[in-house]
Structures are given as C-alpha cells and as structure tokens.
Amino acid sequence: MTASRGISPSVAIFTFGPVVAAEGGLGVRARGVTRILVGLGLDVRVISVGEGGRDTPGAASSVLGADLINLDGGHVWRWMLQLWRTSRSLRDVDIVVVETALMLPAVALFRKTPIVWDTNELETLHYRRLGWHLETIAKRLIWRVLESWAGRRSDVVVAVSEREASEWRKIFPSFARKVVVVEHVPDSRPEPGNPFLDAVRPPTSRANDRYVLFLGNLVAKHNLTAARWCVQELAPLLPAACDLILAGVGTEKLVIDAGQPRQVHGLGFVENIDELVAEAEICLAPLLSGAGVKTKVLHYVALGRPIIGTETAFEGIEDAPGCITADLESFAEVVVDQLSSPPTERGHARREALQRAWASARFDERRLTTQWLAVLDCVDLLPVDVANDRDSGGDISMVNFSADE
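Residues numbered from 1 in each chain as written. Predicted model: local features only at pLDDT ≥ 70, side-chain atom pairs only at ≥ 80, totals over all residues. Heavy atoms only, no water.

Asks: Help me out: how do you make sense of the sheet that holds strand β8 (residues 210-215) in this one?
Replies: The pairing of strands in a sheet comes from backbone hydrogen bonds and takes either a parallel or an antiparallel form. Ordered in space as β10-β9-β8-β11-β12-β13, the six strands form an open sheet in which the pairing is parallel. Two strands lie at the open edges of the sheet, namely β10 (264-266) and β13 (323-325), each paired on one side alone. On average, each strand axis in the sheet is inclined to that of its neighbour by 25°, with strand direction left out of account. The pairing of strand β9 (residues 242-247) with β10 spans three bridges and is classified as parallel. Residue pairing for β10: Leu246 is matched across the bridge by Gly266. Relative to the sheet, helix α8 (residues 221-234) contacts β8, β9, β10 and β11 (282-285), its axis offset from that of β9 by approximately 165°. (Pairing = 2+ DSSP bridges. Helix = DSSP H or I, 4+ residues; strand = E, 2+ residues; numbered from the N terminus. Axes fitted to C-alpha atoms, helices over the stretch in contact; angles between N-to-C directions. Contact = heavy atoms within 4.5 Å.)

Laid out in structure tokens, this is it:
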C-alpha cells in the first residue's frame, strides 16, 4: 500500500486537450478529475495531447493545481508514439488514469502500474445507436474489440452514471466486477447560495432578444447531426421574434454552409458559455446517438434553464428537474408550444428551486471525492491520511479534503 510508505500516491492523467480551457466533454471530465485528485493531496501530472499551446505550464498549475505535459498531437501514430515514450518515462507514478480507450494501448503496454480507465462513454453503445450502415458497423466492431481489451487490461473501469454502469456490465460481463461509478459534472460550478448567474447578455449580431440555444462541439458526429437538424427542421418553425443560436466549435461554418438562414447564428467557440446559457429561453438537446452523461445537459441544469431533449440526451440523469423529453418527430412542435406558452414567473421560480436542489446534491464535492476514494481503494492506493483513518476504524466517506486545505 502506498500509504504505508508515509506519502500519498502520485497519479498521471492521460487525456486529449484542451483541459485548461476545456471545450468539450473529455476536457471537462479530465479537468474535474484533476481537481478532485489534487484536492485529495495527490501529486498529479496531466498529460494532454493537443492542448493547443494556449496555456503555459504555469497557467496550468494555477488553474488545475497540477503539472501539465503537453504533447503535440498530429497524426495518430505520432501522438501514440509520444504517449508511449511519455508513459515509459513516468516511472515514479503510483497510478495511471486514462480518459479514453484510444490511449490505452500506448499507455498500458509494458506498465505494471495500476490503471484506472475513466470511460466517459460506452462507444460500442454509441455506434450501435447509429444504425446498420457499413461504416458504423465497422466502427462498432473496432470499438467493441478495443473496449473489451481495455476493460480486461484496466484495474478499475469508471462509468459516469449508474445507468451507464449497467450498460457496461450487460455488454461486457467479463469485467463487470471492475465497474464503479464516478458521476459526471459540468465545469461550471456556481457559488453556493447563488447557483444561477446574473448574466450580462453576450454581444452577438442577432436581431431578437429571445433565443433558443444548442451547445456542442461539432467534431462529435452526434452533435453535428443534432445541429443540422436544428438549422434545417427547427429554425423555419420558430416564431419571428425568436432566434436559434448554435455555440461550439464548427457551428459558425455549419451556418455559413447552410446559407446563413434568417434567425440562425453560429457563434463557433465561445469563451464564456455560462452567460449565453443563462440567457437562453430554452436549451436544446435533440440527440439521437451518443452515450454517457451529456455535459451540455448538465451545464444547462447547472445554470437553471428549461431543457428540451430526447431520451438519449437525458440518459443517466433522468431525475434532473426542468427536462422535457420529446422524440425527434414531435421535438419542434414541443419547442414552439413552450415558446408560445411560457411558464409563469412562479413556474420558473419553482423549476429553478428544484434544479438548485438537484445540482447541489449532484455536484457536491464531498460526494465526488468519496466516489474517487472508492476508486483508489480498489487499487489499494488511498491517500495517507485516509488510509490511516480507515485503519483506525474511520469511515472514508466522511473524510473531507479540498485543494484549499
């Protein structure tokens, strides 16, 4: 046990960037994991492929509280080789956390260090939902082989919700006992007692004050499909006084390619997305594929907005307040109905109160810390103080660590 040596463990987190200025679900997840493990007193190093050079190691240290090793990325064989070399050079780490199965072959080969695979989403399930096309069938088979191998090679397989964990256990029963849950949370954590921002309306070129919002990086195909649907099917049905705003990498090009239809604005990457979300009349999640807990939906809830989404969009957080489920056939009609008959102020206040209570429980740092302590316990690498407390009869779920202590 590392604790018996009198020091807390050191951990290397391997992920795709950006992490310091996270733009997507993977970066958000890696950033959150880093903060929790730093708060537990672990010595954390983040190895990020394609951080983009936008932040210096000093900035990473101040934002994450961890050292950052930025790998250039580029062609797959280039970053795989960089990962392998970096992994081999980190001989002093006690545990490795890998944020995607794509990295596991380069990181896990020849290592005897305990490996925690933080799965983020079940790609085999994602491609199963994309239908019976030759390309998706091939990708599904590839991911099934990769995820099966990754699960057997890992010491712990981390799912992001109980619903996701049940899917992992059904599809891959051979490593079902390794699956544990560490819930996914958004990067935005409003201050206690004031969970919703008093947002300043962000500058845009839109003509209307009212708008509905879709948030998503269009590099992900399920986001691209959903954004196209919003432009082609939803936008023409919106009231004249309401705009459609798309935010996220690639959305600006999508709108240009669509001929820049009236009332539709593609903002591309937005630095302060909280302000944009907080002012939206309705937030949209018309997703038909993908797996795992959707970061965008958690972000919508965290900022107290009404959300209309598909069943897939709310997977793993079915109990979140303020979420209206609609299939794609009726989705546009539901949006228009909500715009034409908005809730009263009392209704808004009630929804926000429910969302505040749900977010407070779901995003509680003690809860997330306890979940990561359970992961560390699985590989016998609890931090020193926690291990000592448990050995003397304490309950690790009652330990309270934070980066500020």
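Asks: Where do I start with helix α7 (residues 162-171) in this structure?
Replies: Residue pairs three or four apart in sequence face the same way in an α-helix, which turns once every 3.6 residues. Within the sequence span of α7, burial applies to Glu164, Ala165, Glu167, Trp168 and Ile171. Angular distribution of buried residues about the axis of α7 spans 160°; they occupy a single face of the element. Turned more than 90 degrees away from the buried face of α7, the exposed residues are Glu162 and Lys170. Among the structural elements, β5 (115-118), α5 (123-128), α6 (134-153), β6 (156-159) and β7 (179-181) are those in contact with the buried residues of α7. (Buried < 20%, exposed > 50% of the residue type's maximum accessible area, 1.4 Å probe, protein only. Arc of directions from axis to C-beta.)

Asks: Please clarify how α8 should be interpreted in this entry.
Replies: Helix length check: α8, at 14 residues, gives a terminal C-alpha distance of 19 Å against a target of 20 Å (1.5 Å per residue), a fit within 8%. Those residues of α8 not exposed but buried are His222, Asn223, Ala226, Ala227, Trp229, Cys230, Val231 and Leu234. (Expected span 1.5 Å × (residues − 1).)

Asks: Sorry if this is basic, but what is going on with the packing of helix α1 (residues 25-39) against helix α14 (residues 365-378) here?
Replies: The packing of two helices is summarised by the inter-axis angle and the distance between the axes. α14 packs onto α1 with a crossing angle of 85° between their chain directions and a minimal axis gap of 10 Å. The angle between α1 and α14 places the two elements in the roughly perpendicular class. In this structure, α1 uses Val33, Ile36 and Leu37 to contact α14, whose residues at the interface are Glu365, Leu368, Thr369 and Trp372. Class assignment of the residues belonging to the contact of α1 with α14 gives a composition of five nonpolar, one polar and one charged. (Parallel < 35°, antiparallel > 145°, perpendicular 65-115°, else oblique. Nonpolar A, V, L, I, M, F, W, Y, C, P; charged D, E, K, R; others polar.)

Asks: What should I look at first to understand the pattern of salt bridges in this one?
Replies: Close approach of charged atoms allows side chains of opposite charge to pair. The tally for this structure, following the rule as stated, stands at 17 salt bridges. A salt bridge links Arg45 to Asp92; the nearest nitrogen and oxygen atoms lie 3.2 Å apart. Highlighted residues: Arg45 in strand β2 (residues 43-49) and Asp92 in the loop between α3 (76-89) and β4 (95-98), separated in sequence by 47 residues. The shortest N-O distance in the salt bridge between Lys221 and Glu135 comes to 3.3 Å. A residue pair is termed long-range when its members are at least 10 positions apart, and Lys221 in helix α8 and Glu135 in helix α6 qualify at 86 residues. Salt bridges here are not isolated pairs; linked through shared partners, they connect Arg129, Arg163, Glu167, Lys170, Glu315 and Glu318. (Salt bridge = Lys/Arg side-chain N within 4 Å of Asp/Glu carboxyl O.)

Asks: Explain the sheet that holds strand β1 (residues 10-16) here, please?
Replies: The sheet built from seven strands is open, its strands ordered β3-β2-β1-β4-β5-β6-β7 with parallel pairing. Strand pairing shows two members of the sheet lacking a second neighbour, β3 (67-71) and β7, which therefore form its edges. Neighbouring strand axes in the sheet, compared pairwise and without regard to direction, differ in orientation by 20° on average. Pairing of β4 with β5, which is carried by three bridges, proceeds in the parallel orientation. Bridging from a neighbouring strand, Val98 pairs with Trp117 of β5. Against the sheet, α1 makes contact with β1, β2, β4, β5 and β6, and its axis sits at roughly 170° relative to β1, the strand it touches most.

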